[in-house]
Amino acid sequence: MANITLDGVNRSFGSVRAVHDISLTIADGEFFTLLGPSGCGKTTLLRMVAGFAELETGEIRFGERRIDTLPAHRRNTGMVFQNYAIFPNLKVSDNVAYGLRARKIGAPEIAERVARALRLVKLAEHNDRWPHQLSGGQLQRVAIARALVIEPEVLLLDEPLSNLDAKLRVEMRGEIRQLQQTLGITAIYVTHDQEEALAISDRIAVMRAGRFEQIGAPEEIYRRPSTPFVAEFMGTTNLLQGNVGSNGASIKVGGTEFAVPRLEAPEGTAISFSLRPEALRPLIDNEAAPDGWAVVSAKLARLEFLGALTRIEANLSHGAPLRVAWLDLPLHRLKAGDPLRFAYDPARVTVFA
Ligand SMILES: Nc1ncnc2c1ncn2[C@@H]1O[C@H](COP(=O)(O)OP(=O)(O)OP(=O)(O)O)[C@@H](O)[C@H]1O
Ligand SMILES: [Mg+2]
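**Student:** I would appreciate a short explanation of the site of ligand 1 in the present structure.
**Tutor:** The full set of residues close to ligand 1 is F13, V16, A18, P37, S38, G39, C40, G41, K42, T43, T44 and E159. Within the backbone of G41, an N or O atom sits 3.0 Å from an oxygen atom of ligand 1. For ligand 1, whose unbound accessible area comes to 640 Å², protein coverage reaches 58%. Of all elements in the fold, only strand 2 (16-26) and helix 1 (42-50) reach the threshold of two or more residues within the shell around ligand 1.

**Student:** Is there a simple way to explain helix 5 (residues 166-183) in this structure?
**Tutor:** An α-helix turns once every 3.6 residues. As a result, residues three or four positions apart point the same way. When the terminal C-alpha atoms of helix 5 are compared, their 26 Å separation across 18 residues agrees well with the 26 Å that a helix rising 1.5 Å per residue should span. The complete set of buried residues in helix 5 reads M172, R173, I176, R177, L179 and Q180. For helix 5, the angular spread of buried residues about the axis comes to 160 degrees, placing them on one side. Turned more than 90 degrees off the buried face of helix 5, the exposed positions are K167, Q178 and T182. Capping of helix 5 at its N-terminal end is provided by D165; its side-chain oxygen lies 3.2 Å from the backbone amide nitrogen of K167. Following helix 5 by one or two positions, G184 has its phi on the positive side, about 65 degrees.

**Student:** Would you mind going over the pattern of salt bridges with me for this structure?
**Tutor:** Should their charged atoms come close, side chains of opposite charge can pair. One pass over the full model with this rule turns up 19 salt bridges. Residues D68 and R66 are paired through a salt bridge, measuring 2.9 Å at the closest nitrogen-oxygen approach. The salt bridge involving E313 is made with R302; its shortest N-O contact spans 3.0 Å. Taken together, the residues E313 in strand 17 (residues 309-315) and R302 in strand 16 (residues 294-305) connect sequence positions 11 residues apart.

**Student:** In this structure, what is going on with the side chain of Q180? I would like to understand it.
**Tutor:** Here Q180 lies in helix 5. Setting aside anything within four residues of it in sequence, one finds Q180 in contact with G29, E30, F31, I185 and A187.

**Student:** In this structure, what is going on with the sheet that holds strand 14 (residues 270-275)? I would like to understand it.
**Tutor:** Think of a sheet as strands paired side by side through backbone hydrogen bonds, with each pair either parallel or antiparallel. Spatially, 13-12-11-14-20 is the arrangement adopted by the five strands of the open sheet, whose pairing is antiparallel. The open sheet has two edge strands, strand 13 (256-259) and strand 20 (350-352), and neither has a second partner. Between one strand axis and the next, the sheet turns through 40 degrees on average, direction left out of account. Summarising the sheet, strand 14 and strand 20 pair through three bridges and their orientation is antiparallel.

**Student:** I would appreciate a short explanation of helix 4 (residues 136-148) in the present structure.
**Tutor:** Taking 1.5 Å per residue, 13 residues should reach 18 Å; helix 4 reaches 19 Å between its end C-alpha atoms and fits that length. Residues of helix 4 that are buried include every one of G137, Q138, L139, Q140, R141, V142, A143, I144, A145, R146, A147 and L148, and no others.

**Student:** Hey, could you run me through the domain arrangement of the protein chain in this one?
**Tutor:** Many authors give the size of an interface as the accessible area that is lost as the parts come together. Here the protein chain is partitioned into domain 1 (4-233) and domain 2 (238-352). Here the C-alpha centre of domain 2 lies 39 Å away from the C-alpha centre of domain 1. With eight residues of domain 1 at the contact, the number on the domain 2 side is eight residues. Summing both sides of the interface, domain 1 and domain 2 together bury roughly 730 Å²; the carbon and sulfur share of this comes to 51%. Summed over the shared surface of domain 1 and domain 2, the number is four residue pairs in polar contact (both at pLDDT 80 or more). Element by element, the count of residues in the side of domain 1 that touches domain 2 is highest for helix 8 (residues 228-233), at three residues. Residue composition of the side of domain 1 that touches domain 2, grouped by class: four nonpolar, two polar and two charged.

Conventions we followed
- Residues numbered from 1 in each chain as written.
- Chains lettered and ligands numbered in written order.
- Predicted model: local features only at pLDDT ≥ 70, side-chain atom pairs only at ≥ 80, totals over all residues.
- Heavy atoms only, no water.
- Near = heavy atom within 4 Å.
- Polar contact = N/O pair within 3.5 Å; in protein donor to acceptor, adjacent residues only side chain to side chain.
- Areas by Shrake-Rupley, 256 points an atom, 1.4 Å probe, with all protein chains shown as cover.
- Helix = DSSP H or I, 4+ residues; strand = E, 2+ residues; numbered from the N terminus.
- Expected span 1.5 Å × (residues − 1).
- Buried < 20%, exposed > 50% of the residue type's maximum accessible area, 1.4 Å probe, protein only.
- Arc of directions from axis to C-beta.
- Salt bridge = Lys/Arg side-chain N within 4 Å of Asp/Glu carboxyl O.
- Contact = heavy atoms within 4.5 Å.
- Pairing = 2+ DSSP bridges.
- Axes fitted to C-alpha atoms, helices over the stretch in contact; angles between N-to-C directions.
- Domains from an automatic or database assignment.
- Buried area = accessible area lost by both parts, 1.4 Å probe.
- Nonpolar A, V, L, I, M, F, W, Y, C, P; charged D, E, K, R; others polar.

Set out below in structure tokens:
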């Protein structure tokens, strides 16, 4: 049983508050991701759970057991580091066995557990190889096997995929998620890649300057960001600013009126909102908008063809940019300056109080 509780955890380096009064409970078996820009405190927080960084104040517990006062090797955590930290002078099997030897476990049991861990990460055939004979993805799996072989209660991963190319990263994140679910192990995963976080997590904490900006399930964080920072960090968006219109369900941005969910704020109040590029559906020729949807007009500025998706930047009447993601662009000869219309469901607009 390893739910993880952090209670009022703090850590500063000089004047930098790397981790600022963090409290959190992660459920047993949950895949929890710390996501945020460089320097926001992800690694520091993870290292505090692992036992490689001290807390200034606060407590960390696994279940009922307080662990922040224990040395790292007695916390029962397995950690995978960004650079794998594989020993180049040890063969694959000896790299994986390392943690078990340090724990004074008998040779036959070590052999059996190493073989099992290597089977788990699909490297059974590679046990006798040297690290320099492995690919990046294989090295990364050795690092995971080495963390799992000690049968930790909690698996901690610090940007484990950042050294891999894009395709392998996608493949490996699926494997990590599957392995975590098969073993039912609690995991904390650190990344600054929002797509990776969305793809594999049960819950995500978006961090900013040592604090949690928002915690939630991937869909919640993406669809209902609680702040402009989260909206912009979680992929591309249109972050617009305007004033509440007369009917209480619109916001005027320059000369353009956007329909939004009903607002409490009085007419004229300055307000910002987010509208995702893929929530805007291009209307071709005289096509009508679906029932209950609103329409916004803009002039094409730039178009970027990406295969399945075409990214468009258009300009609103007063010149502000509007980004649109157009799936499966029909063979149209669009050129800069062409007038375009986009439909959107007002419910897809996130207004920030
Ligand atoms: N040992 C240290 N000494 C001094 N400052 C540190 C130390 N470790 C971290 N910091 C500072 O604490 C802050 C948080 O660092 P941390 O490494 O946790 O960020 P991060 O979110 O993991 O960033 P990245 O995505 O770049 O890995 C940064 O401002 C960093 O410079
Ligand atoms: Mg880091």
